[in-house]
Structure formats: structure tokens, C-alpha cells
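The chain contents come next:
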Amino acid sequence: MLVVGRKPGEYVVIDDCIIVKVVKSDSGQLRLAIEAPKDISIVRGEIYEKRDSSSS
């Protein structure tokens, strides 16, 4: 696992095709904007865990 600190407006690039950008909302929370090809599935962690545990 790679852990990096990023400020709003900064981003990381994964495999030259996925961009994860840190954005700040009006309420002060940090949010992630993810840009990826349509064939890449992006799922929130709580949904992934629920889906993963229901398949067991």
C-alpha cells in the first residue's frame, strides 16, 4: 500500500490511465475525484465490503 499526502487540487496517477484528485467541498471535507476508463469498476469501500461478505 502506498500512502501519500495530497492537498486539494493535487492528484496521483495510477497506471497512466487513472487519476485520483483531492478536492475540497464547501463544508471543508476532503473528497476524491476519480477519472478512469469506463471499463474500470470504481466502488466505494463500504459497498465493496458488503458485496464481498454477501458472496461468502
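Residues numbered from 1 in each chain as written. Predicted model: local features only at pLDDT ≥ 70, side-chain atom pairs only at ≥ 80, totals over all residues. Heavy atoms only, no water.

As annotated in an unreviewed UniProt entry, the chain carries the name Translational regulator CsrA and is attributed to Priestia koreensis. Recorded in UniProt under Subcellular location (unreviewed entry), the annotation for the chain is "Cytoplasm". Recorded in UniProt for the chain, the comment headed Subunit (unreviewed entry) runs: "Homodimer; the beta-strands of each monomer intercalate to form a hydrophobic core, while the alpha-helices form wings that extend away from the core." (UniProt positions renumbered as here; feature names shortened; annotations may be inferred.)

How should the pairing of strand β1 (residues 11–14) be read in this particular structure?
Sheet faces and side chains relate simply in a regular strand, where the side chains alternate between the two faces. Sheet topology places β1 next to strand β2 (residues 18–24); four bridges connect them, and they run antiparallel. Across the sheet, the residue bridging to Val13 is Ile19, located in β2. Counting the residues between successive antiparallel strands, the hairpin from β1 to β2 contains three residues, one of them, Asp15, with a positive phi of roughly 55°. (Pairing = 2+ DSSP bridges. Helix = DSSP H or I, 4+ residues; strand = E, 2+ residues; numbered from the N terminus.)

Please explain the sheet that holds β2 as it appears in this structure.
The strands making up a sheet are joined through hydrogen bonds of the backbone, oriented either antiparallel or parallel. Taken together, three strands build an open sheet; the order of strands is β1-β2-β3 and the sheet is antiparallel. The outermost strands of the open sheet, each flanked by one partner alone, are β1 and β3 (30–35). Ignoring which end each strand starts from, the neighbouring axes of this sheet average 20° apart. (Axes fitted to C-alpha atoms, helices over the stretch in contact; angles between N-to-C directions.)

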